[in-house]
Amino acid sequence: MNEIKNEKAPNDYIIVILAAACGTIVANLYYAQPLIASIGMDLGLPLSFAGVIVTFTQIGYVLGLLFLVPLLDLVENHRLVIFTMMIAVAALIVSAVSKSAAIFLLAAVAVGLGSTATQILVPYAAYLSDEANRGKTVGKVMSGLLLGIMLARPVSGFIAGIWGWQAVFLISAAVTVALGIVLALTLPKRKPDAGIKYKALLYSLWLLFKDTPILRRRAFYQAALFGSFSLFWAAVPLWLADNFGLTHQGVALFSLAGVAGAIAAPIAGRFADRGETAPLTGAAMITAMISFIGAAIFTGKSAIALAILVLCAILLDMAVSGNLVLSQRIIYSLGDKVRGRLNGVFMALFFVGGATGSLLGSWSYSYGGWLLTALVGGAMAAASLLYYFTES
């Protein structure tokens, strides 16, 4: 079967399915984030090291981006999505029944590996759309993905507060199975005309990175911003519990505020289609910095301080989600035949930043409290802005 070629925007129901699928699958990466204290306690991990739970999941995601997602340009995509999702299902079940930190962390890597099905589906949406509508289409699908990222934390908090953290992983496994059935029955097949072997495919990742300056630049932008995002959400549940006395359910309600940030994705997609990527990129970085400045200044225990922290969370999520769509709009326009590999390299570097941020979040909070965490997060956003100023 040959490359899908469309002359118009894809049907809305296909986009809804793809968006829902991306959100449901990617949520598996973040269910553990507000639960690291509880999981760490049960598995015998110290607080300063508990962030490694999320880091290992993101490491697995990076491995999948480098070794599974490039297959998007080589093998039939429909089958690849289902296979990858089944890896996630098995890993989620193992996570739920794990009694030791070692087994849980190995399962966390496999959860990340299986969750890269999202990065097969997002380029698939781009294949379905023509050039004029590609930013809008990707923006809609990314809204689903970003909603999954942002809803994962409150959902896991609510479930863990009622049935315990193990139930989070078991329920997710069941939902992922159901989703796999829906995708198997509804998505059309796509067999790329790659004309390349797997070993050469992997080597081409390095060539794409080396020979595509805009790919390196946009990957650094997003790695720095997503690192600050992951740092914030790794540490803020601990801060909310220590400073404001919030329970799992309270942290879950706070996390719901971040969902508002997902509205930036489709808006950014529309502006990207109009050629306004550069100014919006700088605006996203400045917005991320402002969010950390506010979080560092207002550290009291009052309702006002909590409300400002909610606003900072929304601003940060908007900055990261908006810039992600801007970046992907550029990446997906670099070439149809290498789109899966370009996306794999971009997202791998992006999630290296996320894994680093998750680890720094628990470390900085453990050794320097919330102020150090906010300073480190702000510094990551500032690094992206400084590099942005070198863009010609």
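Residues numbered from 1 in each chain as written. Predicted model: local features only at pLDDT ≥ 70, side-chain atom pairs only at ≥ 80, totals over all residues. Heavy atoms only, no water.

## Comments concerning the confidence of the model for the chain
Worth spelling out the cut-off: You can read pLDDT as the predictor saying how much it trusts each residue, on a scale of 0 to 100. To qualify as a helix, a DSSP run of H or I must reach at least 4 residues; to qualify as a strand, a run of E must reach at least 2; elements of each kind are numbered from the N terminus.
For the chain, per-residue confidence averages 86 on the pLDDT scale, and 92% of positions sit at 70 or higher. Per-element confidence in the chain is highest for helix α6 (residues 101-114), whose mean pLDDT is 94, and lowest for helix α3 (residues 47-50), whose mean pLDDT is 70.

## Examining the packing of aromatic side chains
Here is the rule: Here a pair means two rings of Phe, Tyr or Trp (six-membered ring of Trp) with centres within 6.5 Å. Their orientation is stacked below 30 degrees between planes, edge-to-face above 60, and tilted elsewhere. We call a charge positioned above a ring when the Lys NZ or Arg CZ atom is no farther than 6 Å from the ring centre and deviates by at most 35 degrees from the ring normal.
Per the stated rule, a full pass over the model turns up 22 aromatic pairs. Between the aromatic rings of F346 and F350, the centroid separation amounts to 6.1 Å while the plane-to-plane angle is 45 degrees, which identifies the pairing as tilted. Of this pair, F346 and F350 both sit in helix α16 (residues 339-388), 4 residues apart, which is roughly one turn of that helix. Chaining the aromatic ring pairs together yields one cluster made of Y30, Y61, F226, F229, F346, F350 and F351. Positioned above the aromatic ring of F209 is the side chain of R216, whose terminal nitrogen or guanidinium carbon lies 6.0 Å from the ring centre.

## Some thoughts on the side chain of S358
Using the following cut-off: We call a residue buried when its accessible area falls under 20% of the maximum for its residue type, exposed when it is over 50%, and partly exposed in between, using a 1.4 Å probe and counting protein chains only. Throughout, a contact is declared for two residues whenever any of their heavy atoms are within 4.5 Å.
Mapped onto the elements of the fold, S358 is located in helix α16. S358 gets classed as buried once you look at its relative accessible area, which sits at 0%. Ignoring any residue separated from it by four or fewer positions in sequence, one finds S358 in contact with Q33, G51, V54, T55, Q58, S230, L231 and A234.

## Thoughts on the packing of helix α2 (residues 36-43) against helix α9 (residues 165-186)
What describes two packed helices is the angle between their axes and the distance between those same axes. For clarity, the threshold we go by: Here an angle of 0 to 180 degrees is reported between the N-to-C directions of two axes, which are lines fitted to C-alpha atoms, with helices fitted over the stretch in contact. Comment on the angle field: the value is read as roughly parallel under 35 degrees, roughly antiparallel over 145, roughly perpendicular from 65 to 115, and oblique elsewhere. When residues are grouped by polarity, Ala, Val, Leu, Ile, Met, Phe, Trp, Tyr, Cys and Pro land in nonpolar, Asp, Glu, Lys and Arg in charged, and all others, Gly among them, in polar.
Packing of α2 against α9 leaves a shortest axis separation of 10 Å and a crossing angle of 105 degrees. For the element pair α2 / α9, the angle class is roughly perpendicular. Along the contact surface, α2 presents S38, I39 and D42, while α9 presents W165, Q166 and F169. The residue inventory of the contact of α2 with α9, partitioned by class, reads 3 nonpolar, 2 polar and 1 charged.

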